[in-house]
Amino acid sequence: MIEVEWSRMTAPDLRAIAMQKNALAILPIGSLEQHGPHLPVVTDTASASEAAIRAARRVAAETPVAVLPGLWLGMSEHHIPFGGTISVDYETMNKVLRCIVRSLKALGFARLMIVNGHGGNVEPLAVSVRELAVEFEIPIVSCLPWGLAREEALKIFEVDKRSQHACEGEASVMLAITPETVRSDRFEQAFAEQTHPLNPQLGGARFYSFAEYAPLSGTWGDPRSATAEKGERFLDLQASELLKLIQLPALWTKPDPVWTPERGLQSTEGRPGK
């Protein structure tokens, strides 16, 4: 098996990957936040990392690729009331990402995929990806594995209709990855303590604490039907969808500014990556 995990390789190994055409770095990002009384606080980071590694292994024979260690710092201010949560603000998160992109370009990597395991990162990542892709002139793609192939994922769920928070899906994935960190004996407690006084579909935009959604358990969804077998199916589906994105040429055109005062109007078509 070709090694794809950045942390398990030497500097010469990684330099050899970066020097190849269209070398791809994959950055899993999640959070360090409460996931109810039954799942570890690293759940989002662990799930994103596992999906990314599985996808990279499938494509490594044809694509030079390295998966960075999962970035556990995310925007999780809404989970702080429950304890166990470390959060950063957008400015800090963007600066960390900027340093990573700058380093990857200096090393010679031609493109970056960010595999995001935390819903609170979706909007800030959308802004960062656009800004950093233009600044460093390399293709950067961000995606949320739980948001891919929703219809296929729905066939795996038995109780929940989609991934929520510390739910059937996330509990299943963690049972597949690190079962020793999952408190299955607390599944019933997590479900029994759920109260959802606030409808999150009210419309409008403001800061919502997760304590407004689930003030007792910090859980949204039903983990009681979670199994490791379902977790494997979720992860394999996510890896397959990530593989499709990696192999989709239209996603990996090199950013080209449409207009600058110095250059005037430019073509809106991207240039191929290195």
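On a predicted model such as this, the values are computed, not experimentally measured, just so you know.

Draft legend 1. Representation of helix α6 (residues 168-177) in the model. In terms of residue burial, α6 counts as a mostly covered element, since nine of its 10 residues are buried. Three or more residues of α6 are buried, namely Glu168, Gly169, Glu170, Ala171, Ser172, Val173, Met174, Leu175 and Ala176. As for α6, its buried residues are in contact with α2 (43-59), α7 (187-192) and α9 (228-246).

Draft legend 2. Just the layout of surface pockets, in detail. Its boundaries defined by the atoms lining it, the largest pocket holds a volume of some 1,300 Å³. Along the wall of the largest pocket there are 37 residues; nearest its centre are His78, Gly119, Gly120, Phe210 and Tyr213. Contributing elements (two or more residues each) for the lining of the largest pocket: α4 (122-136) and α8 (210-213). If you tally residues by element for the lining of the largest pocket, the top one is α4, at three residues. Considered class by class, the residues forming the lining of the largest pocket number 13 nonpolar, 16 polar and eight charged.

Draft legend 3. Broad picture of the packing of aromatic side chains. One pass over the structure, following the stated rule, counts three aromatic pairs. Centroid distance Phe157 to Phe234: 4.8 Å. Interplanar angle 55°. Geometry classified as tilted. One end of the pair, Phe157, is in the loop between α5 (150-154) and α6; the other, Phe234, is in helix α9, and 77 residues separate them in sequence. Here the two residues Phe157 and Phe234 agree in accessibility, since each one is buried. Feature note: the residues Trp146, Phe157 and Phe234 constitute an aromatic cluster, connected by ring pairs. The residue whose ring lies beneath Arg111 is Trp252, and the NZ or CZ to ring-centre distance is 5.0 Å.

Draft legend 4. Structural detail: the pattern of salt bridges. Counting across every chain of the model gives 15 salt bridges. Here Glu3 and Arg8 are joined by a salt bridge, their closest N and O atoms 3.1 Å apart. Judged by its relative accessible area of 58%, Arg8 falls in the exposed class. Its salt-bridge partner being Glu232, residue Arg54 comes within 2.9 Å of it at the nearest N-O pair. Here Arg54 is found in helix α2, whereas its partner Glu232 is found in helix α9, with 178 residues between them in sequence. For Glu232, a relative accessible area of 30% puts it in the partly exposed group.

The rules behind the values
- Residues numbered from 1 in each chain as written.
- Predicted model: local features only at pLDDT ≥ 70, side-chain atom pairs only at ≥ 80, totals over all residues.
- Heavy atoms only, no water.
- Buried < 20%, exposed > 50% of the residue type's maximum accessible area, 1.4 Å probe, protein only.
- Helix = DSSP H or I, 4+ residues; strand = E, 2+ residues; numbered from the N terminus.
- Contact = heavy atoms within 4.5 Å.
- 1 Å grid on protein atoms, 1.4 Å probe; cavity = no way out; pocket = protein on both sides within 12 Å on 5 of 7 lines; lining within 4 Å.
- Points joined across faces, edges and corners; volume = space filled by probe spheres on them.
- Nonpolar A, V, L, I, M, F, W, Y, C, P; charged D, E, K, R; others polar.
- Phe/Tyr/Trp six-rings, centres within 6.5 Å; stacked < 30°, edge-to-face > 60°.
- Lys NZ or Arg CZ within 6 Å of the ring centre and 35° of its normal.
- Salt bridge = Lys/Arg side-chain N within 4 Å of Asp/Glu carboxyl O.

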